[in-house]
Amino acid sequence: MKKKVLLTRTLHDFALKELRKKYQIEIHSGKIPIPQTKLRSRIKEIEGLICFPYDKIDKEMIKHARNLKVISTYSVGFDHIDTEYAKEKKIRVGYTPEVLTDATADLAFSLMLDIARRVSEGDRIIRNGKWNEIYGAYDYVGTDLQGKTLGIFGLGRIGSTLAKRAKAFDMKIIYHNRKHVSKSKEKALGAKYVSFEKLISDSDFLSVHVPHTKETDHLFNLKIFRKMKKTAFLINTSRGKVVNQRDLESALKKKTISGAGLDVFEMEPIKKNNPLCKLENIVLAPHIGSSTKETRKKMAEITVKNLILGMNGKKPIYSVGY
Ligand code: DGY
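Residues numbered from 1 in each chain as written. Predicted model: local features only at pLDDT ≥ 70, side-chain atom pairs only at ≥ 80, totals over all residues. Heavy atoms only, no water.

Draft legend 1. View of the packing of helix α5 (residues 101-117) against helix α7 (residues 157-168). Between α5 and α7, whose axes approach to 8 Å, the crossing angle comes to 55°. Judged by the angle between their axes, α5 and α7 are oblique. The two elements α5 and α7 meet at a crossing, and its hand is right-handed. Of the residues in α7, those in contact with Thr-101, Asp-102, Thr-104, Ala-105, Asp-106, Ala-108 and Phe-109 of α5 are Arg-157, Ile-158, Thr-161, Leu-162, Arg-165 and Ala-166. Considering only residue class, the contact of α5 with α7 consists of six nonpolar, three polar and four charged. (Axes fitted to C-alpha atoms, helices over the stretch in contact; angles between N-to-C directions. Helix = DSSP H or I, 4+ residues; strand = E, 2+ residues; numbered from the N terminus. Parallel < 35°, antiparallel > 145°, perpendicular 65-115°, else oblique. Left-handed = near helix turned anticlockwise from the far one by under 90°. Contact = heavy atoms within 4.5 Å. Nonpolar A, V, L, I, M, F, W, Y, C, P; charged D, E, K, R; others polar.)

Put into structure tokens, the structure is as follows:
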């Protein structure tokens, strides 16, 4: 009898084919994310789980697992999984870093360019037949990236790749991390370590690249926005809960900061009537940091490899802790 694997959403055909050769697979269809009740009933029987960032795999959920050997998430983020408890239960957790670094850094950079040059706003102006209202020399101006300071909060893989992009645009780069990166890396990226306070006060563009943890929960709030430059822009492609969305909404409305570009939100998906959708000084993306054909294919390959390794009692290629 083939071992059972559940996928909480479908994956590329090549990945399903590979999985079917080895396992009896069930693919959840219908409402996304998979209802917790359904997941609870299935997790009792399966040995492998392929999940996605919206699936909550907390301690309560994992407690229902009897034979689960591996959780393979199709994402670099794993804040939706209680990895500590999984480890305690000897369940491996695989994830997909590296392959999505370029795509996510590109998205952060495009949000930055878009909000600075008001591209999406201009698109709305044209579609609403208002181009003739912005003919004046000062009517519709953006902001240069050249010569501006990019503050990177979290100079890991994605933050460093963003720094490379920014260097080519002649931006000044400062960063804050728990630890300094090596001198040679700082030199290669042209990045200077600063305190968190200085990162906040000196950045013209502030891009967030940290996971969502207890420490980073709502770290970016009104108190912080008030310390930023009035002309500054906040970019977030990490996790929505790192930013207090209500506070951001208020800061954007009152022009406490100039604008924002977000790919992630506290609750996803956001609805059309979300107050953020009424603001012009924000660019909104539907959590598409890793969403290119090439990257998503690589993520599927790693997700399957991680799963197979875990099913065989081995450590996934990219493994959280165990
Ligand atoms: C990730 O991989 O964690 C991304 O946020 C999902 O697209």
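Draft legend 2. How the structure looks around the site of the ligand. Taken together, Pro-53, Ser-75, Val-76, Gly-77, Leu-100, Arg-239, His-287, Ser-290 and Arg-296 are the residues near the ligand. In the model, an oxygen atom of the ligand is placed 2.7 Å from a nitrogen or oxygen of the Val-76 main chain. One of the side-chain nitrogen or oxygen atoms of Ser-290 is found 3.2 Å away from an oxygen atom of the ligand. Burial of the ligand by the surrounding chains reaches 90%, relative to a free accessible area of 240 Å². Of the residues belonging to the shell around the ligand, the class tally is three nonpolar, four polar and two charged. (Near = heavy atom within 4 Å. Polar contact = N/O pair within 3.5 Å; in protein donor to acceptor, adjacent residues only side chain to side chain. Areas by Shrake-Rupley, 256 points an atom, 1.4 Å probe, with all protein chains shown as cover.)

Draft legend 3. Just the nonpolar core, in detail. Judged by nonpolar contacts, the single largest core of 69 residues is most densely connected at Leu-11, Leu-49, Ile-57 and Ile-71. Ranked by residues supplied to this core, first place goes to α5 with eight residues. Residues lining this core come from more than one domain, with at least three contributed by each of domain 1 (3-98 + 294-311) and domain 2 (100-284). Each residue touching Leu-11, except ones within four places of it in the same chain, is listed here: Leu-16, Ile-50, Phe-52, Tyr-74, Ala-300 and Val-304. Counting 28 residues, the second-largest nonpolar core is a separate cluster that includes Val-208, Leu-252, Ala-260 and Leu-262. (Core = buried A, V, L, I, M, F, W, Y, C linked by side-chain atoms within 4.5 Å. Buried < 20%, exposed > 50% of the residue type's maximum accessible area, 1.4 Å probe, protein only. Domains from an automatic or database assignment.)

Draft legend 4. Quick look at the packing of aromatic side chains. Applying the stated criterion to the full structure yields nine aromatic pairs. Seen in terms of ring centroids, Tyr-95 and Tyr-318 are 6.4 Å apart; in terms of plane orientation they differ by 80°. Their pairing is edge-to-face. In this pair, Tyr-95 sits in the loop between β5 (92-94) and α5 while Tyr-318 sits in the segment after α12 (293-311), placing the two residues 223 residues apart along the sequence. Tyr-318 shares its class with Tyr-95; the two are buried. A ring pair is formed by Phe-153 and Phe-196, whose centres lie 5.2 Å apart and whose planes are at 55°; its orientation type is tilted. Of this pair, Phe-153 sits in strand β6 (residues 149-153) while Phe-196 is found in helix α9 (residues 196-202), placing the two residues 43 residues apart along the sequence. The exposure classification of Phe-153 matches that of Phe-196, with both residues buried. Cluster of aromatic residues (ring-pair linked, three or more members): Phe-78, Tyr-95 and Tyr-318. (Phe/Tyr/Trp six-rings, centres within 6.5 Å; stacked < 30°, edge-to-face > 60°.)

Draft legend 5. Broad picture of the domain arrangement of the protein chain. Domain boundaries in the protein chain define domain 1 (3-98 + 294-311) and domain 2 (100-284). The gap between the C-alpha centroids of domain 1 and domain 2 is 32 Å. Contacts between the two partners involve ten residues from domain 1 and, on the opposite side, seven residues from domain 2. Summed over both sides, the interface of domain 1 with domain 2 buries roughly 830 Å², with 51% coming from carbon and sulfur. Sorting the residues of domain 1 by area buried against domain 2 places Tyr-54, Asp-79 and Glu-98 first, and these three jointly supply 55% of that buried surface. Counting the contacts that link domain 1 with domain 2 gives two salt bridges. The partner of Asp-79 in a salt bridge is Arg-239, and the shortest N-O contact between them spans 3.1 Å. Our enumeration of links across domain 1 and domain 2 arrives at four residue pairs in polar contact (both at pLDDT 80 or more). The residue inventory of the side of domain 1 that touches domain 2, partitioned by class, reads five nonpolar, three polar and two charged. (Buried area = accessible area lost by both parts, 1.4 Å probe. Salt bridge = Lys/Arg side-chain N within 4 Å of Asp/Glu carboxyl O.)

Draft legend 6. Representation of the side chain of Ser-319. You can see Ser-319 is positioned in the segment after α12. Ignoring sequence-local partners within four residues, the contact set of Ser-319 consists of Val-93, Gly-94 and Tyr-95.

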